[in-house]
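# Commentary on secondary and tertiary structure
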Amino acid sequence: DMKKTLSVLLCAVLSALTSFAQSPIPAHFDECVELMATVWRLSGAEEYNRCRVPQYAHEVDSVFGPYKDHPAVQLARQYQNESGISYDAVASYGLHLTLNANGAIVLDDSFLEGSDNSFDRWSEQQKKEFLEPLNDFYRKSHFHDWYLQQDILFDEVEEAFQTINQQIDYDWFNSYFGAESGSTFRIVLSLLVGPNNYGCSAKLKDGTNALSPVIGCCQVDDSGNISYNANTVLPVVIHEFCHHYCNPLNSQFWSSMETSAEKVFKEREEQLRQSAYGSALIMMNETFVRASVIRYMRVHYPQIEESAFVGEEERQGFILIQTLCDALKEYEQQRDKYATMSDFMPVYAKMVNDFDLKQYNKRQKAQAKKNATYKVNLKDGAKDV
């Protein structure tokens, strides 16, 4: 879990944050995303029943509980069971919805088909089939009126998030990856996604990349106030935006490193699958993103020790993390030669292919032998220690 990893390592470092963005990226709630999250919550989906703001969870359950057997909710259950429509696929469908002039929910036709992997986990039939029962739920439950009544809470959440949002250097992304500037950034906040975060993005028909990560991890502090923990949330936002850049590059150059990546994946397959990283490509996407976050942190907070991050990521099964960090350092040092990350990807692939799994395991065993084990025989309550 990216949040858990970085929370421990950053507590001391981020105590004095520096403001980077002159005008932070917009961060707002999205009615259609919250509607989808509500339907999936009613369907019993575990990932939409982990809201960390108790008063909001109670409000949703009390107002919409009577609709838990509505056809839209029943269809949501069916989609989960038969097609695994869950997690980011739910939020992404919400991002592809809009309200027309009559106040009806329709699919937004400004998106380029096939440009959003999360949305495309829905079949074409499901995308269209779900609209009618969803509209019926929306009308009968008076969701729109209820949503407008949450404006005081939503304003409080948005304000709490802005204190962190101002600390993120958004210019870094396009500059670092050498990507085109035709990208729009916005953050969608949601309370019902609980501690989860989804790196959603899609392309518009006009060629613009629309990056819209859905950020949860909002909580209530000891005083009952809405809060976001900078140590966890700041790296998470960077992580989710990096997916937009890293995933397509891995896919584009996949044939040149697939065999090597598969070998590494098999070595840690059981551990990675337990964290829902179920393929070599997904493992590589995660490793690339995590290495990018480490490099971002290293540049913006030089006092951070890279080795601590690397060790934590390796323990989570991402054993190529040091290789990719080394690759990114090489890229940073030769930007005159590699204008974009895409230009550098053949070198990146070669470094993945050169990774020696046997040598890595040998080093790990040697390190394990060096780790000291202490046994202490003390009785509870002993005074003469």
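Being a predicted model, the structure only gives us computed values, none of them experimental. (Residues numbered from 1 in each chain as written. Predicted model: local features only at pLDDT ≥ 70, side-chain atom pairs only at ≥ 80, totals over all residues. Heavy atoms only, no water.)

The subject of this paragraph is the state of the cysteines. In protein chemistry, a disulfide is the covalent bond that joins the sulfur atoms of two cysteines. Per the counting criterion, the structure on display carries zero disulfides. Cysteine Cys 242 shares no disulfide, and the gap to the nearest cysteine sulfur, in Cys 246, comes to 5.3 Å. With a relative accessible area of 0%, Cys 242 lands in the buried category. (Disulfide = S-S within 2.5 Å. Buried < 20%, exposed > 50% of the residue type's maximum accessible area, 1.4 Å probe, protein only.)

What helix H14 (residues 306-315) keeps buried is the set Glu 306, Phe 309, Val 310, Gly 311, Glu 313 and Glu 314. Of the residues flanking the end of H14, it is Gly 317, one or two places downstream, whose phi is positive at about 105°. (Helix = DSSP H or I, 4+ residues; strand = E, 2+ residues; numbered from the N terminus.)

Taken together, Asp 151, Asp 155, Glu 156 and Glu 159 make up a surface patch of like negative charges. Tracing the backbone shows Asp 155 in helix H9 (residues 151-165). (Patch = residues over 30% accessible without salt bridge, like charges linked within 9 Å, V, L, I, M, F, W, Y side chains within 5 Å. Areas by Shrake-Rupley, 256 points an atom, 1.4 Å probe, with all protein chains shown as cover. Salt bridge = Lys/Arg side-chain N within 4 Å of Asp/Glu carboxyl O. Lys, Arg positive; Asp, Glu negative; His and termini not counted. Charge placed at Lys NZ, Arg CZ, Asp CG, Glu CD.)

Tracing the sequence through the fold places Phe 137 in helix H7 (residues 131-140). In this structure, the C-alpha to C-alpha distance between Phe 137 and His 70, residues 67 residues apart in sequence, is 7.0 Å. Contacts of Phe 137, omitting those with residues within four sequence positions, involve Leu 35, Thr 38, Val 39, Leu 42, Phe 64, Tyr 67, His 70, Ala 72 and Val 73. (Contact = heavy atoms within 4.5 Å.)

It is worth spelling out the sheet that holds strand E4 (residues 183-185) at this point. Taken in spatial order, the three strands of this open sheet run E4-E8-E7, and their pairing is mixed. Single-partner strands in this sheet number two, and they are E4 and strand E7 (201-203). Recorded for the sheet is a direction-independent mean angle of 15° between the axes of neighbouring strands. In this structure, E7 lies alongside strand E8 (residues 209-211), joined through three bridges in antiparallel fashion. Residue pairing in the sheet places Lys 203 in a bridge with Asn 209 of E8. Here helix H11 (residues 230-252) sits on the sheet and contacts E4, E7 and E8; the angle it forms with E8, its principal contact strand, is near 150°. (Pairing = 2+ DSSP bridges. Axes fitted to C-alpha atoms, helices over the stretch in contact; angles between N-to-C directions.)

On to unusual backbone geometry, then. Positive phi outside glycine occurs at Tyr 87, with the angle close to 45°. With respect to the helices, strands and loops of the structure, Tyr 87 is situated in the loop between helix H4 (71-83) and helix H5 (88-95). Of note in this structure, His 142 is not a glycine but carries a positive phi near 55°. By secondary structure assignment, the location of His 142 is in the loop between H7 and helix H8 (143-148).

Attention now moves to the packing of aromatic side chains. Under the criterion given, the structure shown has 40 aromatic pairs. On the basis of an interplanar angle of 50° and a centroid distance of 5.6 Å, the ring pair of Phe 143 and Trp 146 is categorised as tilted. Taken together, the residues span about one helical turn, with Phe 143 and Trp 146 both in helix H8 at a distance of three residues. Look at Phe 288 and Tyr 348: their rings are 4.8 Å apart centre to centre, the planes differ by 50°, and that puts the pair in the tilted class. Of this pair, Phe 288 sits in helix H13 (residues 280-300) while Tyr 348 is found in helix H16 (residues 341-353), placing the two residues 60 residues apart along the sequence. We note that Phe 288, like Tyr 348, is buried. (Phe/Tyr/Trp six-rings, centres within 6.5 Å; stacked < 30°, edge-to-face > 60°.)

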